[in-house]
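# Working through the structure, step by step
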Amino acid sequence: MLLAQVLLNGVLLGGLYALMAMGLALVWGVLNIVNLAHGAFIMLGAYVTYFLFTKAHLDPFLALPFTALVLFCLGYGLQRGLLNLVIRSPMFNTLLITFGLEVVLTFLAQTAFSADFRTINPDYAGANFELAGLTVPQVQLAAFVVATGLSIGLWAFLLRSRPGRSIRAVSQNLLAAQLQGIEPRRIYALTFGLGTALAGVAGGLYGTVSQINPYIGASLTAKSFVIAIIGGLDNPLGVIVGGIFLGTAELLTALYIGPTYTEVASFGILVLVLLVKPTGLLGRTT
Amino acid sequence: MTSPARIVLIALVGVPLLVAVPWIGTPVVVQFGINMLLMATLAQGWNIIGGYTGYSSFGNSVFFGLGAYGVGIAMAQFDQPFWAGLGLGLLLAVGFALVIGLPVLRLKGHYFAIATLGLAEVVTAIVSNIPIAGQNVGLVLPLLKSDVLFYELALGLLLLSTLVVFWLSRSRFGLGLIAIRENEEAAAAMGVCTTRYKILAFMLSAALTSLAGGINAYYITFIDPAGAFDITLNVKMIIMAVFGGPGTVLGPVAGALLLSLVSEILSSKVTNIAGFFFGAVIIAAVVLMPRGLSDLIRQFRGTGWRYFLQNIRDHRL
């Protein structure tokens, strides 16, 4: 029974993990930028949701669209005004510039919001219900539903809609896409904006299930990395599998081996996946 | 910048000056010097695998940490002298580079970077569970209050690292590494044994980095997993090397000197904004001078201020 409960918690946690990693995987796959500031955007999203909740008394789940909009504008602007300037630099440089962004954003957050721990704490925060003898925490379940819904939505968007197809076209062959009349500057900015918007939503949900402060970014970036690698960069559904895989693996390690070994497990899995199948568990081998 | 005559000139003027610092400067300058020299050594160590070979390791902090724990375990647990500890750390780091390098150096680009980052996390977590390494609590080393000794040790190590890189820039081995960086398949086709070269470069990088870790551990007299295997150290050494100019002999040293100086001055004058400025410098440097200080110095006389605009024009979408 304990095992079943841990597995359930792992799957619910995994949904949130998947949403965290989705933006990173999208930006990485399309723009070939490993965005080290991704966790900082998650952190900012958490704060936006937090202030919408405390100052405007908006339910955190209803605040998510606004959070997404704010973060989308931020990401769109950054890609348009800054990252597009270095997009053709060697890989190191895009890595470095996003690291610089992470430092700057963390500093700004620390100045504006102070280093205090905060939680988004609606009155239904601790609520749960029983299902077949298992305890299902409601907030985690809702976060899981939002996360999977957004993943499927993103998948459909990339496959069916016109801007989604433009994004895939640009990622497959930039020159050919330009020859078809696609303006890459706008598509790149759109992609990065989508990535940060997803990070923002993930941040809002993260704030309702866990504590936030300005420094959570770096470790969340690392987690997102692991999930993106396990799931592969090809499609958003792989990221869901990666998230659930990591969530359950972490909780199972904490249960059977010890809570201090969760990092060993998650990064050990990362290294193994990289060595055995670098395109991700569900990735195509080219 | 890499022309031998100029390097000899810089060395003849610079080295005696650097050696004399503890007798001219104040204790604060010496302490800053120790940190700066060790950071420069780390940047130079990274330069071998990242700058010359083109494999962006995010796992060099592991070598730093293993060097520190070599000294820590030998001195705190077995009452051995410092030198024995350095040797133990060196052995651990080089051995680790060999064992890990075999599978990991098969990966390329982002994948290599992330696999090494993952390894860094794994090793941190493993070490914080090993009793002989003091688990989470860490180890306390015997105190040796001699900043002059540590300064000269750090300086000696930096000189050694720079000499190694200087040798790389002129030797058959180093040219092989550059060939791997530029085009690995072509290098293999020209008869470079890429696997052996890459692993040797990784081990060389590990050796220098672990010595810096060992000196630092004895200097600060305390090590714990979070401090010794600090992941941000990876990012710092990469920034310093890339800021100065990766794949050059003096670039990483100049980058480390300049950035350490900037962040030191800022954190003493305006504590709060130092972090912000560090990030802003990195962003500006990537946009305006993506090939590092050494390229800026080489090109600036010819092109002047247009150098910065040209860089933006070359790399924007």
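A brief structural summary. Because the structure is a prediction, the values reported are computed rather than measured.

Conventions we followed
- Residues numbered from 1 in each chain as written.
- Chains lettered and ligands numbered in written order.
- Predicted model: local features only at pLDDT ≥ 70, side-chain atom pairs only at ≥ 80, totals over all residues.
- Helix = DSSP H or I, 4+ residues; strand = E, 2+ residues; numbered from the N terminus.
- Rg over C-alpha atoms; globule rule 2.2 N^0.38 Å.
- Buried ≥ 20, exposed ≤ 12 C-beta atoms within 10 Å, placed from the backbone.
- Contact = placed C-beta atoms within 7 Å.
- Pairing = 2+ DSSP bridges.
- Nonpolar A, V, L, I, M, F, W, Y, C, P; charged D, E, K, R; others polar.
- Expected span 1.5 Å × (residues − 1).
- Bend = angle between axes of the 7 residues up to and from the residue.
- Core = buried A, V, L, I, M, F, W, Y, C linked by C-beta atoms within 7 Å.
- Axes fitted to C-alpha atoms, helices over the stretch in contact; angles between N-to-C directions.
- Parallel < 35°, antiparallel > 145°, perpendicular 65-115°, else oblique.
- Left-handed = near helix turned anticlockwise from the far one by under 90°.

On to the overall build of chain B. For chain B, the count of helices and strands is 15 helices and two strands. Computed over the C-alpha atoms, the radius of gyration of chain B is 20 Å, within 12% of the 20 Å expected from 2.2 N^0.38 for a compact globule of 317 residues. Summarising its shape, the C-alpha atoms of chain B cover approximately 60 × 50 × 40 Å along the three principal directions. Within the span of chain B, comprising 317 residues, buried residues form 50% of the whole. Sequence-distant contacts, at least 24 apart, represent 75% of the contacts inside chain B between residues at least 6 apart.

Once that is clear, we can look at the pairing of strand β2 (residues 134-137) of chain A. Residues and elements named next belong to chain A. Looking at chain direction, strand β1 (residues 128-131) and β2 are connected through four bridges and run antiparallel. Bridged to Asn128 within β2 is Pro137. Taken together, β1 and the strand that follows it, β2, pair antiparallel across an intervening segment of two residues, in which Ala132 is found at a positive phi of about 50°.

With 35 residues of chain A at the interface, the matching set in chain B holds 33 residues. Contributions of two or more residues to the side of chain A that touches chain B are made by α4 (91-113), α8 (184-209), α9 (217-231) and α11 (262-276) of chain A. A total of 11 residues in the side of chain A that touches chain B trace back to one element, the largest contributor, which is α4(A). Across the side of chain A that touches chain B, the residue classes break down as 26 nonpolar, six polar and three charged.

Before going further, it helps to spend a moment on helix α2 (residues 27-52) of chain B. All names here are of chain B. Over its 26 residues, α2 runs 36 Å from end to end, which matches the ideal 38 Å to within 8%, given 1.5 Å per residue. The sharpest bend along α2 reaches about 40° and sits at Trp46. Within α2, 19 of the 26 residues are buried, which leaves the element mostly enclosed by the surrounding structure.

The next point concerns the nonpolar core. One finds A:Leu16, A:Leu19 and B:Ala154 to be the most contacted residues of the largest nonpolar core, which totals 206 residues. The element best represented in this core is helix α1 (residues 2-31) of chain A, accounting for 17 residues. Apart from residues lying up to four places away in sequence, A:Leu19 is in contact with A:Ala147, A:Leu150, A:Ser151, A:Leu198, A:Val201, A:Ala202 and A:Leu205.

Attention shifts here to the environment of A:Ala218. Residue and element names in this part refer to chain A. By the secondary structure assignment, Ala218 is in helix α9. Judged by C-beta crowding, with 21 C-beta atoms within 10 Å, Ala218 ranks as buried. Residues Ala218 and His57 lie 161 residues apart in sequence; the distance between their C-alpha atoms is 29 Å.

For the rest of this paragraph, the subject is helix α5 (residues 109-127) of chain B. Taking 1.5 Å as the rise per residue, α5(B) with 19 residues should run 27 Å; its terminal C-alpha atoms sit 28 Å apart, in good agreement. In terms of residue burial, α5(B) counts as a mostly covered element, since 15 of its 19 residues are buried.

With that settled, the discussion passes to the environment of B:Gly245. All names here are of chain B. With respect to the element layout, Gly245 can be found in the loop between α11 (231-244) and α12 (251-269). The class of Gly245 is buried, set by 26 C-beta atoms lying within 10 Å. Residues Gly245 and Leu296, spaced 51 residues apart in sequence, show a C-alpha to C-alpha distance of 9.0 Å. Contact partners of Gly245, with chain neighbours within four places excluded, come to Gly251, Arg291, Gly292, Leu293, Ser294 and Asp295.

So, about the packing of α1(A) against α8(A). All names here are of chain A. Where α1 meets α8, the axes come as close as 8 Å, and the angle between the chain directions of the two elements is 165°. Taken together, α1 and α8 sit at an angle that is classed as roughly antiparallel. The chirality of how α1 crosses α8 is left-handed.

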